[in-house]
Amino acid sequence: MVERVLRAPSQYWMLIMMWVRSSMAYPTSFFLMLFSSMVLTLMDFVAIALMFSHISSFGGFSLAEMALLYATASMTLGIADLFTGSIERVGERIRTGSFDAYLIRPVPAFLQTAADGFALRRIGRPLQALVVMLFAFSRLDIDWTVARGIMLAVSIAAGSVIFGAIFVLGAAFQFVSVDSAELANSFTYGGQAMTQYPLTVFGKEIVRAVTFVVPLAFVNYYPVLFLLGKPAPLGLPSWIGLLSPLVAAVMVALAALAWRGGLRRYRSTGS
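Read on for a plain summary of the structure. (Residues numbered from 1 in each chain as written. Predicted model: local features only at pLDDT ≥ 70, side-chain atom pairs only at ≥ 80, totals over all residues. Heavy atoms only, no water.)

1. Notes on the packing of helix α3 (residues 63-84) against helix α8 (residues 146-173)
- Remark: α3 packs on α8, axes separated minimally by 8 Å, with the N-to-C direction vectors making an angle of 50°. In this view, α3 runs oblique relative to α8, as classed from their interaxial angle. Regarding α3 and α8, the two cross each other, and that crossing is right-handed. On α8, the residues touching A73, M75, T76, L77, I79, A80, D81 and T84 of α3 are I156, G159, S160, F163, G164 and F167.
- A class-by-class count of the residues in the contact of α3 with α8 yields eight nonpolar, five polar and one charged. (Axes fitted to C-alpha atoms, helices over the stretch in contact; angles between N-to-C directions. Helix = DSSP H or I, 4+ residues; strand = E, 2+ residues; numbered from the N terminus. Parallel < 35°, antiparallel > 145°, perpendicular 65-115°, else oblique. Left-handed = near helix turned anticlockwise from the far one by under 90°. Contact = heavy atoms within 4.5 Å. Nonpolar A, V, L, I, M, F, W, Y, C, P; charged D, E, K, R; others polar.)

What follows is the structure in structure tokens.
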């Protein structure tokens, strides 16, 4: 078991490099798709910037603070989508019976499913998020320390893991309900659309739901509140954003249990 865990990173790396070499066979096409991906995802922030041409703050956030919220939400989803987003297509594999092939190869089915069709062009989302983040930092007066820098990096990593775990949970549910990929998308892509805005504008019940049920608030909202020195809603402590790594670990454990349960439930099509 330990040996399989230690071999997993190298196996996953070999799988994604196969797809990377395939995509780079046509470099012009790749860079055009990468550029278009960056421009299309940037339109969300352009809409936010246009909104601030008529208002000075939204939910207690300035344009620069909103830019930081948007950037962290987009970057975390982009990283998760890059490395685990392909797993949402497992329902199609189950329906056609091609998932059987993953079970007879000497590589864990999870790694094969996550790396299937690895699209390097998806790096466009985190790259454009980095541009917006640099814009936000240039406009924000943050007292940077080593601890704050580490906290930001760790929170982005934890947020990416939370989104990745939600991708896996959605994929695991497809072992039960094959045509349910859109349900998972409502929590991943829909979650990113929600967390790029101050969550308090959605009402207390929504904030409770994304804190205690589906912990999307720990992806970026609570860490950004801590970084900016803003109070947390619902009477929660201001340091709650520091719990993002713990939440990520819990989500990974839940996703692992769900995936293993899905594999045990899987029955081949026999074709």
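2. A short note on the environment of S74
- With respect to the secondary-structure elements, S74 resides in helix α3.
- Taking the relative accessible area as the measure of exposure, S74 reaches 1% and is therefore buried.
- The spatial distance from the C-alpha of S74 to the C-alpha of A193 is 8.4 Å, given a sequence separation of 119 residues.
- With sequence-adjacent residues up to four places away left out, S74 is seen in contact with R125, Q128, A129 and Q192. (Buried < 20%, exposed > 50% of the residue type's maximum accessible area, 1.4 Å probe, protein only.)

3. Here's the deal with the packing of helix α2 (residues 27-51) against α3
- Packing of α2 against α3 brings their axes to within 10 Å, and their N-to-C directions diverge by 160°. Compared by their axis directions, α2 and α3 come out roughly antiparallel. Here α2 and α3 pass one another in a crossing that is right-handed. Of the residues in α3, those in contact with T41, L42, D44, F45, I48, A49 and M51 of α2 are L63, M66, A67 and Y70.
- Its residues assigned to classes, the contact of α2 with α3 shows nine nonpolar, one polar and one charged.

4. As for unusual backbone geometry
- Positive phi values are uncommon outside glycine, yet L234 reaches one of about 60°.
- Along the chain, the position of L234 falls in the loop between α11 (221-228) and α12 (244-265).

5. Quick look at a nonpolar patch on the surface
- Together, W239, L242, L243, L246, V250, L254 and L257 make up a nonpolar patch on the protein surface, roughly 670 Å² of accessible area in all.
- Examined against the element boundaries, L246 turns out to sit in helix α12. (Patch = residues over 30% accessible without salt bridge, like charges linked within 9 Å, V, L, I, M, F, W, Y side chains within 5 Å. Areas by Shrake-Rupley, 256 points an atom, 1.4 Å probe, with all protein chains shown as cover. Salt bridge = Lys/Arg side-chain N within 4 Å of Asp/Glu carboxyl O.)

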